[in-house]
Amino acid sequence: MILEALNFAASVPLTSARHRPFIRSSVNLWARANRCQRDWAEHERRTKAAILSSAEACRQKRTVVVLGSGLLRDVPVAELSRLFDTVVLVDLVHLASVRSWLAIQRFKNIRLIERDLSGLDALLAGEAVEPLSFLRQVPYLDLVVSANLLSQIGIGAERRLEGHANADELVPHLIAAHVAGLGQVPAETCLVTDIGYTVIDRSGRRQETVDLVHGVDIGPVRESWDWPVVPFGEESRDYQILHHVIAR
Ligand SMILES: C[S@@+](CC[C@H](N)C(=O)[O-])C[C@H]1O[C@@H](n2cnc3c(N)ncnc32)[C@H](O)[C@@H]1O
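About the thresholds
Residues numbered from 1 in each chain as written. Predicted model: local features only at pLDDT ≥ 70, side-chain atom pairs only at ≥ 80, totals over all residues. Near = placed C-beta within 6 Å. Helix = DSSP H or I, 4+ residues; strand = E, 2+ residues; numbered from the N terminus. Nonpolar A, V, L, I, M, F, W, Y, C, P; charged D, E, K, R; others polar. Core = buried A, V, L, I, M, F, W, Y, C linked by C-beta atoms within 7 Å. Buried ≥ 20, exposed ≤ 12 C-beta atoms within 10 Å, placed from the backbone. Contact = placed C-beta atoms within 7 Å.

Participant: Could you give an account of the site of the ligand, naming the residues involved and the relevant values?
Facilitator: With respect to spatial proximity, 23 residues lie near the ligand, and among them G70, L71, L117, S118 and Q152 are the closest. Here the shell around the ligand takes three residues from helix 7 (residues 150-160), the largest share from any one element. Its residues placed into classes, the shell around the ligand shows eleven nonpolar, eight polar and four charged.

Written as structure tokens, this is what we have:
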């Protein structure tokens, strides 16, 4: 609790006013990731391996952009820093804990960008939804990684659109815009995302299944695995929540 409060307090002055409301959920994620370290390890290992396999396949390794870099738990940042000239990390918030870890590691080629990658503001303003169009301005771009971000775009938008008459149409639009945006960048791409989750009780019965990509076709999948985001005992002793993750 004290560490969370300190991380929160230290992150406020480092974050633009516009993105400060997102610090809380980032700190909550940080705390949960620490509590669930053992249960999340395999998912983090597989995400890192998928990213590294895409990185190593790049013919040139000048700039890599990581979307949804967050806590850098599932991003092989040291390896990317070694392989590429420049590593750009993009998220709504870069917590003080993440910034200090980066500083201690003394990486010389890492840039942080605070940015809303959802496209929701444009959608609500009736503008073209091109949340990844800023990538066109990134020089020498060779790889774009979307690191366990896509489902969060949907979840964040659902939260903001609560009570909105067209929420059911708008959220899939944002998911599709992210997938299309990745398809349009003039670089290699690696998409890792949870596409759904299942609530499972102690007897192994499936209580509920939710589609986190809202029916959007995310294209051919290279590999998939389960991520126990909420293991038994985290929210309740009676159920766990397994997220189904794909890498593309
Ligand atoms: C499940 S976490 C990803 C984990 C991260 N790759 C790591 O290694 O710790 C999802 C991340 O997406 C970010 N995120 C959620 N919605 C976003 C948005 N609209 N724009 C940018 N980042 C967003 C969150 O801040 C969070 O860091």
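Participant: How would you summarise the nonpolar core if you had to cite specific residues and measurements?
Facilitator: The biggest cluster of nonpolar side chains holds 54 residues, and the ones touching the most others in it are V64, V65, V66, L67, V145 and L174. The element contributing the most residues to this core is helix 8 (residues 167-184), with six residues. Those residues in contact with L174, other than ones at most four positions away along the chain, are S118, G119, L120, L123, V129, I153, G154 and A157.

Participant: So what's going on with unusual backbone geometry? Which residues, and what values?
Facilitator: One non-glycine residue, L72, adopts positive backbone phi at about 60°. Secondary-structure assignment places L72 in the loop between strand 1 (63-67) and helix 4 (77-83). A tally of 20 C-beta atoms within 10 Å means that L72 is categorised as buried. You will see that N148, though not glycine, has its phi angle at about 55°, which is positive. Here N148 lies in the loop between strand 4 (141-147) and helix 7.

Participant: Which residues make up helix 7, and what values do they have?
Facilitator: Considered for burial, the residues of helix 7 that qualify are L150, S151, Q152, I153, G154 and A157. At its buried positions, helix 7 is contacted by helix 6 (120-124), strand 4, helix 8 and strand 5 (188-201).

Participant: Give me the lowdown on the environment of H244, citing residues and values where you can.
Facilitator: Here H244 shows up in strand 8 (residues 239-247). Residues H244 and L72 lie 172 residues apart in sequence; the distance between their C-alpha atoms is 20 Å. Setting aside its immediate chain neighbours within four residues, H244 contacts D194, I195, G196, Y197, S224 and D226.

Participant: Help me get a handle on the environment of L182, residues and values and all.
Facilitator: Checked against the element boundaries, L182 lands in helix 8. Through-space distance from the C-alpha of L182 to that of Q60 is 18 Å; in sequence the pair is 122 residues apart. Leave out the neighbours within four places in its chain, and L182 touches L132, V144, S146, T189 and L191.

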